[in-house]
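Structural features, examined
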Amino acid sequence: MMLAEICHNCINRQVAFDGLVQGLVYGLLAMGIVLIYRSTRVINFAVGGMGIPGAALFVLLVVQWGTPLWIALVASIAAGAAIAAVVELTVVRRLFRSPRVILLVATIGVAQLMQLFVVALPDVDDPSAPFPVAVSRLFEPFDGLRVSGPKLTILVVVPVAAALLAWVLNRTTFGKAVAASADNPDLGRLSGVNPKIVSTFVWIIAGVLSTLSMILLSGGGSVTGVANLGPLTLARALAAAVIAGMVSFSRAVLAGVVIGIIEGILRFNILDEPGLIDFVLFLAVLAAVYVQSRGESEGTLAAFTPKVRAIPERLRAVWYVRHLSRIAIWSFFALAVAIPLIHEFRSSQLFLYSTIVATAICAVSVTVITGWSGQLSLAQMAFAGLGALTAAALARGVEMDIGWGSTRILDFQLDPIPFGLAIVLAPLVIGLLAAIIGIGALRVRGLLLAVSTFALAIAAQQYLYRRPFFSNGETSVLFERGSLLGLDIADQRTYLYVCLGGLAIVLAIVARLRHSGIGRTTIAVRDNADAAAAYTVSPTRTKLTAFALAGAITGFGGALIGGLARNIRYSDTFFLVSDSLRLVAIVVIGGLGSLFGAVLGALWVVGLPAFWPDNEIIPLFTSSIGLLIVLMYFPGGLVQIAYAARDALLDWVDRRSDRPVPERRPAGTPLSVRHTERTVEVPAVVLATQGLTVRFGGIVAVNDVSIDVGRDEIVGLIGANGAGKTTLMNAIGGFVAASGHVTVMGTDVSKLSPSARARTGLGRTFQSAMLFPELTVRETVQVALEARGRTSFLKSAFYLDGPAERRRASHASDLIDLLGLGRYADTYVSDLSTGTRRIVELANLLAVDATLLCLDEPTAGVAQREAEAFGPLIKRIRQELGASILIIEHDMPLIMSISDRVYCLETGTVIAQGSPSEVRNDPAVIASYLGTDERAIARSGAAVSSDQAPTP
């Protein structure tokens, strides 16, 4: 009886019903998110925003202009569909082939733009008027249950809309076209499906769902409720979509209903914790992200990160040319320091300048996590808020007592510490917090980190800021500045210099990290995680390091903002969800991936509207419109203008210079490619697989394959396209899940990650040879050299890694010269030909000093003349490394001439093995792969000259 009474008190019919109705609308919005993701692999953050103009128009038509409700409803939904179509045709269509993270950022700009549309609409004369509804009666079907007309409408409309959408996508030709476009756009195009047309219609449907959802959510409230449909509603819809795995409509609706019911229960029973549901949703999103399988790569940000052209080799001896970037940065800081000294500014102006500087520090964190790591975080200003509140808590003293009864989990007390020490310790706490939060999302490729951090930003704004540890039970938190290093920093001008000093320190540390192994490996993982793993770099650890670093940086910026404000009103300024979204716009407009771009973006987005407060146009170009224009037409951002001026100056100096070009070491000069001699004895069998099997759903790609590669042996792997050769090599490297056993150098590596397998001595090249488009050849080789010794984060950050960096640079130069790549050393990999990239891959294998090389079609896409040089080059690398080689190759003369043994695969099964002549004459191989025309392989018996020079 008592249990039943408790349950009755915590939830009753009315609470459950209201939650069900609210959850149905969340589910409807979530269906729009799933629809866009399933068809275009874009997480649409504008799914709610696209419906707000239609809902506002609905109010105007009915309340202001007296239009009949049903006519107004049709017109509003049509307007929502038209807005979605315009968005797709003007924004999504232009960025259709861009990385998905860029499209996600674009949808954020679209969502902000929709709010401007609402502001531009005429005001309703009576803002207290009720939102127009189709049914206004109140029903009481059961005792204790009251059903209003708007809720009854939701109860009918949402299931019908969900069923109709499911039928269209699952049973119609259009639905099949959507599935084909999502699964394989190129194959779908060959089948007559135009992915762009499919995308347009999908966005139109999403616009209809969004408008309908906004109208349904607003029913029963006042007309001003439309303006309040923002991040909170979006967060619930996103949570439902993520819980549904971003694929299932029915699960999205069910998840939305569960979220609505839980929200109702929590609000009914815990009145003093209104934001608890947002924290619960954040935990649910984290859990859902953690259990989801790994997704596809979202593409490289190559076109959206500003490129800095290398200084011409003969000008590097010119001091001012070599230090041009430093001269520009220090000139900027000198100007920033001098202006407040020579001009008397009001306190409000100094406050604004300090805000710009502190915001620039926070923007640097987005440069690290998005520009370098390729992950999008939408909670950086939430981390800044937590940093400000943590610093304030440390400054006033902390008492923590968590537990129950006589059992304590945490019970400690810290005395107050000085202001300066507080703003130094707070970033360390926030960096650790960021690492903990990032563990779940960063293990999954794709855009789910954006969803997780967006949920965190909501949870921080609604719940975390108000925890007693941060708030001390108050609605605002005092954070007095006191003194710093003996200086009284209460004065606003002095505090501006503190902020400038903080920015200088952050830029110096992060710039050093960018030009160390930390920055190189982070960008390598962003551009090509598999290739980075093949060079012993752990993608998960690298991304987690970047996320923790970004959290610490923005925590520091937030602590400075807290000291600037002195009274931290966390519910209405600086640290809201909208501020996190604006921070993304700052970095994109300034220049994604550029440190100085973060500063320029802060000056543009924060500074310009304040400098011209009466100009109504400028705020548009510093927010949504500016963000979209940069993404679509100026992807390099504002900093690209500065880089163009720098390049023009270098060209001018180069034309007037008579310095000779330094002589390069001739290609093929004998060098020591090893850092140290091997101390581990190489076993007789370097690689062995037993019963290796790979399944993709019901398809068996590799079937019970057992092969081996001996010491100093070259083993060829041949077979028709689709025979399973690359899949077998991926299974050996750990890049696909497989059953069976893989042994490398006598060690069973079957359970190890790709990077861990690489550390056992397994080197790998890939068929695409993409490598790392945004790194130079020199940097790419230095990434591979991480296998010989990891870069220390702390030593790099504090400029103590000079000797190690010089050694790594020297080894990279040796390898580059060895393979004749000297003239390409400072060229971006994206600008190289396929043949040259193949040689860079081989240089990386020398850098890794692997004992087993897995080469996947090293001559694919290479001209015949260049392909002929690969035979002696491969043999030479084997000699240099003393390594064994497993090679996939369709060039039969090449593979038959360099291989000691050959395996032939057919449909994932080994059908022949033995010497090249035995396999070449095997009837099964002839029937399966070589064909009966002996002329196709007549040249395969020709030996390859071992002294033929490679041609990069």
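In this convention, every chain numbers its residues from 1, walking through the sequence in written order. Side-chain atom pairs in this predicted model are given and counted only at pLDDT of 80 or more, local residue features only at pLDDT of at least 70, and totals for whole chains, interfaces and linings cover all residues. Based on all heavy atoms of the structure, the side-chain values leave hydrogens and waters out of the count.

Attention now moves to the overall build of the protein chain. Helix and strand content of the protein chain: 38 helices and 19 strands. Exposure classes here rest on a 1.4 Å probe applied to the protein chains alone. A residue is buried below 20% of its type maximum, exposed above 50%, and partly exposed in between. Buried residues in the protein chain amount to 56% of all 952 residues. Put simply, of all contacts in the protein chain between residues at least 6 apart along the chain, 79% involve residues at least 24 apart. Here the protein chain has roughly 39,700 Å² of accessible surface; of this, 61% comes from carbon and sulfur atoms. Elements are defined by DSSP. Helices are runs of H or I of four residues or more, strands are runs of E of two residues or more, and each kind is numbered from the N terminus. Whether two residues are in contact is decided by their heavy atoms, any of which lying within 4.5 Å being enough. Values of accessible area rely on a 1.4 Å probe in the Shrake-Rupley scheme; residue burial ignores everything except the protein chains shown.

Moving on, we get to the side chain of Arg 236. For Arg 236, the location among the structural elements is in helix α10 (residues 231-243). Here the side chain of Arg 236 touches Glu 263 through a polar contact of 3.2 Å, side chain to side chain. Dropping the residues within four chain positions of it, Arg 236 is found in contact with Tyr 26, Ile 259, Glu 263, Arg 267, Ile 277, Asp 278 and Leu 281. Contacts described as polar in this section are N or O atom pairs within 3.5 Å, which, within protein, must combine one atom able to donate a hydrogen with one able to accept it, while residues neighboring in sequence count only if both atoms come from side chains.

Time to look at helix α6 (residues 149-171). Each residue after the first adds 1.5 Å to the expected span of a helix. End to end, α6 covers 33 Å across 23 residues, agreeing with the expected 33 Å (1.5 Å per residue, within 8%). For α6, every residue scored as buried is listed here: Gly 149, Pro 150, Ile 154, Val 158, Ala 161, Ala 162, Leu 165, Val 168 and Leu 169.

Inspection of the secondary structure assignment puts Ser 899 in the loop between α36 (892-898) and β18 (901-906). A distance of 2.6 Å separates the side chain of Ser 899 from the backbone oxygen of Ile 895, its partner in a polar contact. With sequence-adjacent residues up to four places away left out, Ser 899 is seen in contact with Ile 714, Val 715, Gly 716, Ile 887 and Pro 916.

What follows is about helix α29 (residues 725-733). It helps to recall that an α-helix has 3.6 residues per turn; residues three or four apart then point in one direction. Counting buried positions along α29 yields eight of nine residues, so the element is predominantly enclosed. Two residues or fewer past α29, Gly 734 is found with a positive phi of approximately 90°.

Axis separation between helix α15 (residues 347-372) and helix α25 (residues 595-611) bottoms out at 8 Å; the angle between their running directions is 140°. Here α15 lies oblique to α25, going by the angle between them. Of the two possible hands of crossing, α15 and α25 adopt the one that is right-handed. Side by side, α15 and α25 meet where Leu 352, Tyr 353, Ile 356, Thr 359, Ala 360, Ala 363, Val 364, Thr 367 and Trp 372 of the first sit next to Leu 595, Ala 598, Val 599, Ala 602, Leu 603, Val 606, Gly 607, Ala 610 and Phe 611 of the second. Any residue outside Ala, Val, Leu, Ile, Met, Phe, Trp, Tyr, Cys, Pro, Asp, Glu, Lys and Arg is labelled polar, Gly included; the first ten of those are nonpolar and the last four are charged. Its residues assigned to classes, the contact of α15 with α25 comprises 15 nonpolar, three polar and no charged. Under this scheme, a helix contributes an axis fitted over its contacting stretch, all axes are lines through C-alpha atoms, and angles between N-to-C directions fall in the 0 to 180 degree range. Put simply, angles under 35 degrees are roughly parallel, angles over 145 are roughly antiparallel, angles from 65 to 115 are roughly perpendicular, and the rest are oblique. Handedness of each helix crossing follows the sense of rotation of the near helix against the far helix: counterclockwise by less than a right angle gives left-handed, clockwise gives right-handed.

In this section: the pattern of salt bridges. Salt bridge criterion: a side-chain nitrogen from Lys or Arg within 4 Å of a carboxyl oxygen from Asp or Glu. All chains considered together, the criterion is met by 18 salt bridges. Close ionic contact of Arg 526 with Asp 527 constitutes a salt bridge, the shortest N to O distance being 3.0 Å. For the pair Arg 526 and Asp 527, a shared accessibility class is recorded, and that class is buried. The partner of Arg 808 in a salt bridge is Glu 786, and the shortest N-O contact between them spans 3.5 Å. In this pair, Arg 808 is assigned in helix α33 (residues 802-818) and Glu 786 in the loop between α31 (777-784) and α32 (793-797), connecting sequence segments 22 residues apart. For the residue pair Arg 808 and Glu 786, the accessibility class agrees, reading buried in each case. If you follow the salt bridges from partner to partner, you end up with Arg 236, Glu 263, Arg 267 and Asp 278 in one network.

We call a set of buried Ala, Val, Leu, Ile, Met, Phe, Trp, Tyr and Cys residues a nonpolar core when their side-chain atoms join them within 4.5 Å. Formed by 264 residues in total, the largest nonpolar core has its most connected members in Ile 43, Phe 45 and Ile 718. It is α15 that contributes the most residues to this core, 15 residues altogether. Membership of the second largest hydrophobic core comes to 27 residues, among which are Ile 707, Met 729, Val 744 and Tyr 903.

Let's shift gears to the pairing of strand β10 (residues 699-705). Pairing of strand β9 (residues 685-696) with β10 involves four bridges; the strand directions are antiparallel. Counted as the bridge partner of Phe 696 is Ile 699 from β10. In textbook terms, the turn of a hairpin is the stretch between consecutive antiparallel strands, and for β9 and β10 this stretch comprises two residues, one of which, Gly 697, has a positive phi near 65°. The criterion for strand pairing is that DSSP finds at least two bridges linking the strands in question.

Note on ring pairs: Phe, Tyr and Trp rings are taken, using the six-membered ring of Trp, and paired if centres are within 6.5 Å. Classes follow the plane angle, with under 30 degrees stacked, over 60 edge-to-face and the rest tilted. A full pass over the atoms with the stated rule returns 15 aromatic pairs. Summarising the aromatic geometry, the rings of Phe 58 and Phe 131 are spaced 5.7 Å apart at their centres and angled 45° between planes, so their arrangement reads as tilted. Here Phe 131 lies in the loop between α5 (100-120) and β1 (138-142) and Phe 58 lies in helix α3 (residues 52-64), a separation of 73 residues in the sequence. The pair Phe 58 / Phe 131 is uniform in exposure class, with both members buried. Judged by centre distance (5.1 Å) and plane angle (90°), the ring pair of Phe 345 and Tyr 353 falls under edge-to-face. Among the aromatic residues, those joined into a ring-pair cluster are Trp 330, Phe 332, Phe 333 and Phe 596. Its guanidinium or amino end placed over the ring of Tyr 463, Arg 467 lies 3.8 Å from that ring's centre, counting from NZ or CZ. Its guanidinium or amino end placed over the ring of Tyr 495, Arg 481 lies 4.3 Å from that ring's centre, counting from NZ or CZ. Our definition puts a charge over a ring when NZ of Lys or CZ of Arg is within 6 Å of the ring centre and also within 35 degrees of the ring normal.

Attention now moves to unusual backbone geometry. In the Ramachandran plot, Met 745 falls in the positive-phi region, its phi being about 55° despite a non-glycine side chain. Classification of Met 745 by relative accessible area gives buried; the value is 17%. In this structure, Glu 857 takes a positive phi of about 50° despite not being glycine. Structurally, the position occupied by Glu 857 is in the loop between β16 (852-856) and α35 (864-881).

Turning to the packing of α31 against α33, a few remarks are in order. Packing of α31 against α33 brings their axes to within 9 Å, and their N-to-C directions diverge by 110°. Judged by the angle between their axes, α31 and α33 are roughly perpendicular. Crossing geometry of α31 relative to α33 is assigned as right-handed. Where α31 abuts α33, its residues Val 777, Arg 778, Val 781 and Gln 782 lie against Arg 808, Ala 809, Ala 812, Ser 813, Leu 815 and Ile 816. Across the contact of α31 with α33, the residue classes tally to six nonpolar, two polar and two charged.

Its location among the elements puts Gly 908 in the loop between β18 and β19 (909-914). The buried category is assigned to Gly 908, whose relative accessible area is 0%. Sequence spacing of Gly 908 and Ala 723 is 185 residues, and the spatial spacing of their C-alpha atoms is 5.4 Å. Apart from residues lying up to four places away in sequence, Gly 908 is in contact with Ala 701, Val 702, Asn 703, Val 705 and Ala 723.

This brings us to the sheet that holds strand β15 (residues 762-764). The pairing of strands in a sheet comes from backbone hydrogen bonds and takes either a parallel or an antiparallel form. Taken together, six strands build an open sheet; the order of strands is β15-β16-β17-β12-β18-β19 and the sheet is mixed. For this open sheet the edge positions go to β15 and β19, each flanked by a neighbour on one side alone. Taking each pair of neighbouring strands and ignoring which way they run, the sheet shows an average axis angle of 20°.

Residues forming no salt bridge and having over 30% relative accessible area are the ones grouped into patches, like charges within 9 Å of each other and nonpolar side chains (Val, Leu, Ile, Met, Phe, Trp, Tyr) within 5 Å. Taken together, Leu 254, Val 258, Ile 262 and Val 280 make up a surface patch of nonpolar side chains, about 300 Å² in accessible area. With three residues, the top contributor of residues to the nonpolar patch is helix α11 (residues 249-269). In this structure, Ile 262 sits in helix α11.

Turning to the pairing of strand β17 (residues 884-888), a few remarks are in order. The buried fraction of β17 is high, at five of five residues. Judged from the four bridges that link them, strand β12 (residues 714-718) and β17 form a sheet pairing that is parallel. Looking at the pairing, Gly 716 lines up with Ile 887 of β17. Two elements, β16 and β17, share five bridges in a ladder whose sense is parallel.

This brings us to the environment of Leu 845. Looking at the secondary structure, you find Leu 845 in helix α34 (residues 834-848). When the C-alpha positions of Leu 845 and Leu 881 are compared, they lie 9.0 Å apart, and in sequence the two are 36 residues distant.

When pLDDT is averaged along the protein chain, the result is 82; 87% of the residues meet or exceed 70. Taken as a whole, residues 1-8 scores under 50 in pLDDT and shows zero contacts with residues more than four places along the chain or in a different chain. pLDDT measures how confident the predictor is about each residue, on a scale from 0 to 100.

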